[in-house]
Amino acid sequence: MEFRIERSFPEPALEQKWHEFLPDSTYPSHYTSPGFFRMPYWEGQNPFAVLVVDKDRVVAAVCGVNIHNHLNSGIEVRPQVSISQHVDQDRAVKMLVDGLTAAGGSNCELITLHSATRIDAFTDLGFRMKRAKGSFKVVMLDLSEGSEEIFKGFSQSRRSDIRKAIRQEKIQISQLETLEELSELHAIHVAWCKSKKVEPDDWKVFRAAWEQKEYKRTFIAKTEGKIIAGSYFRFYKNSLVEYAANNSIPEYRNLRPNDLLVWRAIEWSCENGFKRFSMGGSHLFLKRFGGRTVASYRYQRDLTTFQRHAAKDALYRLAIKGYQRLPDSARTKIKRVFKK
């Protein structure tokens, strides 16, 4: 067993072995596949993958970025660690850690991984574990049930809203097909990001992401020929679909375009043989689609001499707990201060 460090899309032979490993792994997603390197988001972030190879077979993969001496793989709602279910996990994890250490180099200060499953071998090797809580958990749908059974699992209000939206015939859902549609959706994306005070993707990145048809689908909602919302989905063939994001025009939310967008994406996923559908979070809008709520696990190793990052993380968690104990009036005052 050995590790390999990849910093760009792999050559064909390794790509094939990587694909052969994923279907029976712990988390066969787009961001644990070779397609990770095809996405346009990583400019200046030093993307990498550590693969574990055993007897000419890939048996584990971690994908991530290396920014400011911090190797980071995924977030709570988007794990990026996958291990074969037919391998000695302890050995595979030991090799992954050796590979991550080599990938980070002598200046690496922190390694952070997010896994969909609990992996005690990481803690045995000095990583601190943290289980995701609250809205950082993910609603997961089992697509083997079929779309009709999945629909029955929606909340009553969600079923009623979708039926009403379909009956009124005011919204048409389709996959985004043309550059003209993409340009119209990009304007909605920019306005949505401005309202949330986050940086939007520029046109070049937005278009490049849409063009990755092998890994992504964009569904749009129209009324009277005008795009009013769009939802973005990542997937890995025959395995996992992930709800990545949504942009919409607030004035049209009463027509329930976002409800319909997700429902049509679920139907499409069932029709195309996918096994699971991750909602990418667990806030109330997502919970009303049924399914079960699952937690990911963060594994972190602080490589600084005095464990600076671990201390900072502990202080942050202490501050959050203190804030949560405050009465509503005090929390409101604090929010006002930080909004200024």
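Refer to the structure presented above.
Residues numbered from 1 in each chain as written. Predicted model: local features only at pLDDT ≥ 70, side-chain atom pairs only at ≥ 80, totals over all residues. Heavy atoms only, no water.

K.L.:
What am I meant to see in the environment of Asn247 here?
P.N.:
Structurally, Asn247 can be placed in strand E12 (residues 240-248). According to the relative accessible area criterion, Asn247 is buried, its value standing at 2%. On a C-alpha basis, the gap between Asn247 and Leu185 in space is 8.1 Å, while along the polypeptide they are 62 residues apart. Only 3.0 Å separates the side chain of Asn247 from the side chain of His189, close enough to count as a polar contact. (Helix = DSSP H or I, 4+ residues; strand = E, 2+ residues; numbered from the N terminus. Buried < 20%, exposed > 50% of the residue type's maximum accessible area, 1.4 Å probe, protein only. Polar contact = N/O pair within 3.5 Å; in protein donor to acceptor, adjacent residues only side chain to side chain.)

K.L.:
Before we go on, may I ask you to explain helix H8 (residues 257-271) in this structure?
P.N.:
Owing to its 3.6 residues per turn, the α-helix brings residues three or four apart onto one side. Compared with the 21 Å implied by 1.5 Å per residue over 15 residues, the 21 Å span of H8 between its first and last C-alpha is a close match. Positioned one or two residues after H8, Gly273 has a phi angle of 80°, which is positive. (Expected span 1.5 Å × (residues − 1).)

K.L.:
Explain the pairing of strand E2 (residues 47-54) here, please?
P.N.:
When a strand is regular, its side chains alternate between the sheet's two faces. Here E2 lies mainly inside the structure; eight of its eight residues are buried. Neither face of E2 is open: one carries Pro47, Ala49, Leu51 and Val53, the other Phe48, Val50, Val52 and Asp54, and all of them are buried. Judged from the five bridges that link them, strand E1 (residues 2-6) and E2 form a sheet pairing that is antiparallel. The residue bridging Arg4 from the neighbouring strand is Leu51, located in E2. (Pairing = 2+ DSSP bridges.)

K.L.:
Help me out: how do you make sense of the sheet that holds strand E13 (residues 276-278) in this one?
P.N.:
Strands pair in a sheet through their backbones, by hydrogen bonds, and they do so in one of two ways: parallel or antiparallel. An order of E9-E10-E11-E12-E13-E8-E14 is seen for the seven strands of this open sheet, with the pairing classed as mixed. Each end of this open sheet is capped by a strand with a single partner; those strands are strand E9 (172-175) and strand E14 (292-294). Going from strand to strand, the sheet's axes swing by 30° on average, the running direction of each strand aside. Each of strand E8 (138-142), E9, strand E10 (216-223), strand E11 (226-235), E12 and E13 is contacted by H8, which is oriented at about 40° to E11, the strand it contacts most. (Axes fitted to C-alpha atoms, helices over the stretch in contact; angles between N-to-C directions. Contact = heavy atoms within 4.5 Å.)

K.L.:
Is there a simple way to think about unusual backbone geometry in this case?
P.N.:
Peptide bonds are mostly trans, and most non-glycine residues show a negative phi. Of note in this structure, Glu224 is not a glycine but carries a positive phi near 55°. Residue Glu224 is classed as exposed on the basis of its relative accessible area, which comes to 81%. Despite not being glycine, Arg256 has its phi angle at roughly 60°, a positive value. Arg256 gets classed as partly exposed once you look at its relative accessible area, which sits at 35%.

K.L.:
What's the story with the pattern of salt bridges in this structure? I'm lost.
P.N.:
What the rule picks out here adds up to twelve salt bridges. Across the salt bridge formed by Glu6 and Arg4, the nearest N and O atoms sit 3.2 Å from each other. In this structure, Asp56 and Lys17 form a salt bridge, with 2.6 Å as the shortest nitrogen-oxygen distance. Taken together, the residues span a long stretch of sequence, with Asp56 in the loop between E2 and strand E3 (57-67) and Lys17 in helix H1 (residues 12-21) at a distance of 39 residues. Judged by relative accessible area, Lys17 falls into the partly exposed class, the value being 25%. (Salt bridge = Lys/Arg side-chain N within 4 Å of Asp/Glu carboxyl O.)

K.L.:
Explain the packing of helix H6 (residues 179-196) against helix H7 (residues 203-210) here, please?
P.N.:
The description of two packed helices rests on the angle between their axes and on the distance between the axes. One way to put it is that H6 packs onto H7 with a least axis distance of 11 Å and a crossing angle of 125°. Relative to H7, H6 is oriented oblique. Between H6 and H7 lies a crossing of right-handed hand. On the side of H6, the interface is formed by Leu179, Leu182, Ser183, Leu185, His186 and His189, while H7 contributes Trp203, Phe206, Arg207 and Trp210. Its residues placed into classes, the contact of H6 with H7 shows six nonpolar, three polar and one charged. (Parallel < 35°, antiparallel > 145°, perpendicular 65-115°, else oblique. Left-handed = near helix turned anticlockwise from the far one by under 90°. Nonpolar A, V, L, I, M, F, W, Y, C, P; charged D, E, K, R; others polar.)

K.L.:
Sorry, what's going on with the side chain of Ser82 here?
P.N.:
When you line up the elements, Ser82 lands in strand E5 (residues 81-83). A polar atom in the side chain of Ser82 sits 2.6 Å from the side chain of Ser25. Aside from chain neighbours lying at most four places away, what touches Ser82 is Phe21, Leu22, Ser25, Thr26, Tyr27, Pro28, Thr32, Ala60 and Ala61.

K.L.:
Looking at this structure, how should I read the packing of aromatic side chains?
P.N.:
To describe a pair of aromatic rings, one takes the distance between the centres and the angle between the planes. Applying the stated criterion to the full structure yields 20 aromatic pairs. Ring geometry for Phe36 versus Phe37: centroids 5.5 Å apart, planes at 75°, classification edge-to-face. Classification of Phe37 by relative accessible area gives buried; the value is 13%. Taking 6.1 Å as the distance between ring centres and 70° as the angle between the ring planes, the aromatic pair formed by Phe219 and Trp268 counts as edge-to-face. Here Trp268 lies in helix H8 and Phe219 lies in strand E10, a separation of 49 residues in the sequence. Accessibility expressed as a relative area gives 5% for Phe219, which makes it buried. Here the aromatic residues Phe219, Phe233, Phe235, Tyr243, Trp268, Phe274 and Phe277 are joined through ring pairs into a cluster of three or more. Positioned above the aromatic ring of Phe9, the side-chain terminus of Arg38 is 3.6 Å from the ring centre. Across the ring face of Phe285, the terminal group of Arg158 is positioned such that the distance to the ring centre comes to 4.5 Å. (Phe/Tyr/Trp six-rings, centres within 6.5 Å; stacked < 30°, edge-to-face > 60°. Lys NZ or Arg CZ within 6 Å of the ring centre and 35° of its normal.)

Geometric values such as these leave the question of function open.
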